[in-house]
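Coordinate analysis (summary)
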Amino acid sequence: MRLAEYRYRTVTAVRGPLLFLARVFAARIGEVVTIIAPDGRRIDGEVLKIDGDLVVVQVFGDTVGLDTDRTEVRFTDVVKLAPLGLGCLGRIFDGSFRPRDGLPMFTPERWQPVSGAPFNPVARAHPEEFIETGVSAIDGLNTLVKGQKLPVFTCAGLPARELTEQLLRQARLPAGGPFVLVFVALGLTHFEYQHYARTLAELTGEYVAFVNLADEPVIERLLAPRLGLTVAEELAFAGGLDVLVIIADMANYCDALREVATAREELPGRRGYPGHMYSDLASLYERAGRLRDRRGSVTLLPVVTMPEDDITHPIPDLTGYITEGQLVLSRQLHQLGIFPPIDVLPSLSRLMNHGIGEAHTRADHRDLAGRLYRAYAKGRELRRLEAVVGRDGLLEDDRRMLDFATRFEQAFVHQGAARRTIAETLDLGARLLAEFGQGPPC
Amino acid sequence: MSGQVISISGATVRIDLPGLKVGDRVLVGVQRLPGEVVRLHGAQAIVQVFEENRGLGVGEPVRDGGGPLKVVLGPGLLGQVFDGLQRPLPELRRLDGAFMRRGSDPFPLDLARRWTFRPGLAAGAAVAPGDLLGTVREGHLDHPIFARESGEVAWLAAGELPLAAPVARLAGGGELPLWQAWPVRRPRPSRGKQVPARPLVTGQRALDLLFPLFKGGVAIIPGGFGTGKTVLEQSIAKYADVDVVVYVGCGERGNEMAGLLDEFASLEDPRSGRPLMERTIVVANTSNMPVAARESSIFTAVSMAEYYRDLGLDVLFLADSLSRWAEALREISAALEEMPGEDGYPTYLGSKLAAFIERAGVVETAAGGTGSLSMILAVSPPGADFSEPVTQACLRVAGAFYQLDTRLAHRRHFPAINWTQSYSQHADPAAVCFDGDHPGWGEQRRRLRELLQREDELREVAEVVGMEGLQERDRLLMRTAERLRLEFLCQNSFTADAYSAPAATLQRLAAILVEHDRIGAALDSGLTYSEALAREVCDAPR
Ligand SMILES: Nc1ncnc2c1ncn2[C@@H]1O[C@H](COP(=O)(O)OP(=O)(O)OP(=O)(O)O)[C@@H](O)[C@H]1O
Ligand SMILES: [Mg+2]
């Protein structure tokens, strides 16, 4: 441990979000630095790379106005830490953990590294407690459980925000208790954020928000989710609370990652995203979970906009490889006026199996979900056939399945702003199946 | 000897410690983070650090870790859960708590654990490497202890002894321990490879019937996200007819590992009636654990698998996912600023992968027995595009290809094995073996394949003329093919159907085909399709 702060005016180059320094003594990887611009502005940074006495620093802020003569860099000898404590509840911070709600900073009870530490896999408890979101397409067919990470895959222009807000308002634990919400906004427009802010203000439960807007420093987008998750872990595993983390929009995180990688002259991978993006995203998403010997949980619902509506784009693709399923929004359903426009066919909650049934929801849940899914899938498949051979070219039974698919979309998936309990959802599903002669086999 | 850290870029650290060899273990920094030498440059070495190294500074000391990276092999591996460096995770949890903090480095096996040794020879006997000294009981099996040096046995233990104690002493004074250390990257030798000839029963109908594998063979399971690789690997891990299973969670989800551990602790091995975990070794290096340890995890795991193979056992090695290993290799290669090949993977990806996969096979063991090591490896192609380098490199060396299909998965057809694209080089000879035990196997298999193929052709016709436009015979075929898909090829891993013994597999197939034949005969006798079907549904007992 070095005892003093070290100050340098040895910046040799500034490139994108990176600062290059020479003649630095004993820097540490990940060490936090404070950069003092010639105009007195202070920006935080982090040591990315050290080669002898040459150091590369990633700047969490705008590098405009930095120079090579007068810019001063102070090395602090510590890695990036997040201030923690119950004082953060009900507060809104920026992407560097500064208050943006006009109130003074709270007094931290302790500090933790923002990168967190991986769970020991044998210490994890397998997620299996049902969360009632009040949305039929989720609760009935893609059930969310405590400790799961389940992204919403959306396309530009689809109402992902409206769905997210609905989840923020409605999500309930089995015992009826509310969640503590951690909301992380990454690169959102002011317009979108205003809506979210209103929802946050109306919440009855506790929340903490980290907000980075579209015109704020790109690099803070790499930091904000880590701050949010560090706070979430603390509330969950030290405080014993159930925490729901919503991050919107992770596509902006990935773009920030690409920007830094390019500035570092890393070899670009698919679509220019760095080869380590899988590991990097995993270092965030894997922080969701539960522990065997402790109360509390972190459940993660990231929103991911699929560039060009393409689910094979590296951003949704790598996300899908890490998360425990996905909720996919559909442009077609949206155009039909269905809200939420969740396409249940490509959607999947991989942990659903463990969170439903007698002990969690209802004994007939698994069977109902299976039959609803199969009937709808069949109807959707027949729609393609109908497009070719016409409705009259179809068998009588098949025409009925076609009608079922339409009815399912309009009555079950579509629900507007209403909240449905799990019992209402399951009853509705059973009624629809019975209507179309798809009742339980005798 | 000690040196110091000169530069740090991610997990790659340059040090100035002389006298190292590539592959040597070093301890980096005041926190003594373990690392492996990956390259030498004059007196400097480039080291890949196996732990999160945030906070590591240049100028910090570096120590020689005493030779290459090793695994510890001996009784007590079964039932254990390790990380990619073979650290026992339950012990690490006891020492460090729920999170993987840096520092603790417990011995992989419990040295104090007591084993009952039954001598297999008497003092005074002359032994050579590979000779049996005796056995200890490990779970469901007699674990043979072999001599690894030549000499005359002066003293031999009998009864209970701790793992740390010697099991025999040679006349020259040398001691033979119960355990040994083995360099992870070096394949364990055998007396030679044999031709695989015994089928590996997986309990998966689609695999056992259509694409069976021999023990000692290698299959890859490529598939996009959510197509069922993990569920398939875990099902096979539960039910395969082998003695030992080594399961590596390589760069995948922590919750999946927790689920597997819960399940394996509570399930019984159908063959021995003992807890499933007793025949299983788990290596868990989840996606958020350090990348360098992820790279080494498959070597750690395969060395343990080879060890049990060398005891004359049938071992199954399952890795989920090999792509994450390849990506770790790519990250390391990029940090070393190596010239990238296709998609950024190092140009040696193919050869490294081939050398790894070649560790599978049936061997004559040093003791003269036969052991097998089979591999079933998940591959995660970006965008489910199978032309990518990792899938292609695997295809060149793996004998079986179980392609998982995103379209089938979206239809909830699980396991989503594409029956037209998948293959196994062992399929035909293995089917002959099955046919020997289950007469009719080969014939029914032929009919299944034919029906599925006909369905494909007819489907194209139906897309033009509609189902109403098909001939009655063809409508029957479409109906049977649908039943084959839904009731035979589909197998839900979360129900009692998760395991299907070969006899049950054949029976289920035969029942569907018999019904097909009956309705066919009714059509021949002049009934219409709906009449024939109605009669079947009313009369025939299902
Ligand atoms: N044999 C099966 N029986 C029933 N359900 C299955 C089966 N295989 C897969 N599934 C369903 O598909 C989901 C995804 O499967 P799985 O986790 O094995 O996918 P994967 O290919 O490993 O995906 P990833 O590459 O993202 O890890 C499971 O959670 C389960 O809901
Ligand atoms: Mg998987």
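Note that the structure is a prediction, hence the values are computed from the model and not measured.

Turning to the overall build of chain A, a few remarks are in order. Counting its secondary structure elements, chain A contains 12 helices and 19 strands. By the compact-globule yardstick of 22 Å for 442 residues, chain A fits well, its C-alpha radius of gyration being 24 Å. Structurally, chain A occupies a C-alpha span of about 80 × 45 × 40 Å along its principal axes. Counting contacts in chain A only where the partners sit at least 6 residues apart, residues at least 24 apart contribute 73% of the total. Of the roughly 16400 Å² of accessible surface on chain A, a fraction of 52% belongs to carbon and sulfur atoms. The distance from the centre of the 51 positive side-chain charges to the centre of the 58 negative ones in chain A is 2 Å.

Now for the site of ligand 1. Close to ligand 1 lie 19 residues; Gly226(B), Lys229(B), Thr230(B), Val231(B) and Arg253(B) are nearest. Looking at what sits near ligand 1, you find residues from chains A and B. With respect to ligand 1, the backbone of Val231(B) contributes an N or O atom lying 2.8 Å from an oxygen atom. Between ligand 1 and Gln491(B), the relevant distance is 3.3 Å, taken from a nitrogen atom to a main-chain nitrogen or oxygen of the residue. Bound to the protein, ligand 1 loses 94% of the 630 Å² it would expose on its own. At the level of elements, α7 (314-322) of chain A together with α3 (229-239) of chain B are the ones that each hand at least two residues to the shell around ligand 1. Residue composition of the shell around ligand 1, grouped by class: 6 nonpolar, 9 polar and 4 charged.

Turning next to the sheet that holds strand β14 (residues 159-162) of chain B. Residue and element names in this part refer to chain B. The 4 strands lie next to each other as β12-β11-β9-β14, forming an open sheet whose pairing is antiparallel. Of all the strands in the sheet, the pair left with one neighbour each is β12 (141-146) and β14. If you compare each strand with its neighbour and ignore which way they point, the axes differ by 40° on average. Pairing geometry for strand β9 (residues 114-119) and β14, over 4 bridges, is antiparallel. Among the inter-strand pairings, Phe117 is bridged to a residue of β14, identified as Gly159.

Segmentation of chain B into domains returns domain 1 (2-68), domain 2 (114-178), domain 3 (190-424) and domain 4 (438-539). Taking the mean C-alpha position of each, domain 2 of chain B and domain 4 of chain B sit 59 Å from one another.

This part takes up the environment of Leu111(B). All names here are of chain B. Relative to the helices and strands, Leu111 resides in the loop between α1 (89-96) and β9. The class for Leu111 is partly exposed, based on a relative accessible area of 30%. Here Leu111 is in contact with Pro162, Leu163, Ala164 and Trp179, once residues within four sequence places are set aside.

Once that is clear, we can look at the pattern of salt bridges. Going through the model one piece at a time under the given rule, you end up with 88 salt bridges over all chains. Note that Arg93(B) is salt-bridged to Asp293(A), the shortest N-O span being 3.9 Å. Placement of Arg93(B) in helix α1 and of Asp293(A) in the loop between β16 (289-291) and β17 (297-305) is noted, with the two residues assigned to different chains. Judged by its relative accessible area of 48%, Asp293(A) falls in the partly exposed class. Salt-bridge contacts for Arg271(B) lead to Asp243(B); the nearest nitrogen and oxygen are separated by 3.5 Å. Here Arg271(B) is found in the loop between α4 (254-266) and β23 (280-285), whereas its partner Asp243(B) is found in the loop between α3 and β22 (244-250), with 28 residues between them in sequence.

All right, on to a nonpolar patch on the surface then. Taken together, the side chains of Val461(B), Val464(B) and Val465(B) make up a nonpolar region of the molecular surface, amounting to roughly 240 Å² of accessible area. Residue classification places Val465(B) among the partly exposed positions, given a relative accessible area of 40%.

Judged by nonpolar contacts, the single largest core of 136 residues is most densely connected at Phe210(A), Val245(A), Met250(A), Tyr253(A), Leu281(A), Phe404(A) and Phe408(A). Excluding anything up to four places from it in sequence, Tyr253(A) contacts Leu186(A), Arg221(A), Leu222(A), Pro225(A), Arg226(A), Asp280(A), Leu281(A) and Leu284(A). Listed in part, the 73 residues of the second largest apolar core include Ile220(B), Val246(B), Ala319(B) and Ile357(B).

Residues and elements named next belong to chain B. Strands sit in the order β10-β13-β15-β16 across an open sheet of 4 strands; the sheet is antiparallel. The open sheet has two edge strands with one neighbour each: β10 (126-127) and β16 (175-177). Bridge analysis of strand β13 (residues 151-156) against strand β15 (residues 166-170) gives 3 bridges, and the strand direction is antiparallel. When the sheet's bridge partners are listed, Trp155 is paired in β15 with Arg169.

Residues and elements named next belong to chain A. One can find Thr10 in the loop between β1 (6-8) and β2 (11-15). Using a relative accessible area of 11% as the deciding quantity, one classes Thr10 as buried. Those residues within four positions of Thr10 in sequence are excluded, and the remaining contacts are Phe20, Leu21, Ala22, Arg23 and Val24.

Calculation rules
Residues numbered from 1 in each chain as written. Chains lettered and ligands numbered in written order. Predicted model: local features only at pLDDT ≥ 70, side-chain atom pairs only at ≥ 80, totals over all residues. Heavy atoms only, no water. Helix = DSSP H or I, 4+ residues; strand = E, 2+ residues; numbered from the N terminus. Rg over C-alpha atoms; globule rule 2.2 N^0.38 Å. Contact = heavy atoms within 4.5 Å. Areas by Shrake-Rupley, 256 points an atom, 1.4 Å probe, with all protein chains shown as cover. Lys, Arg positive; Asp, Glu negative; His and termini not counted. Charge placed at Lys NZ, Arg CZ, Asp CG, Glu CD. Near = heavy atom within 4 Å. Polar contact = N/O pair within 3.5 Å; in protein donor to acceptor, adjacent residues only side chain to side chain. Nonpolar A, V, L, I, M, F, W, Y, C, P; charged D, E, K, R; others polar. Pairing = 2+ DSSP bridges. Axes fitted to C-alpha atoms, helices over the stretch in contact; angles between N-to-C directions. Domains from an automatic or database assignment. Buried < 20%, exposed > 50% of the residue type's maximum accessible area, 1.4 Å probe, protein only. Salt bridge = Lys/Arg side-chain N within 4 Å of Asp/Glu carboxyl O. Patch = residues over 30% accessible without salt bridge, like charges linked within 9 Å, V, L, I, M, F, W, Y side chains within 5 Å. Core = buried A, V, L, I, M, F, W, Y, C linked by side-chain atoms within 4.5 Å.

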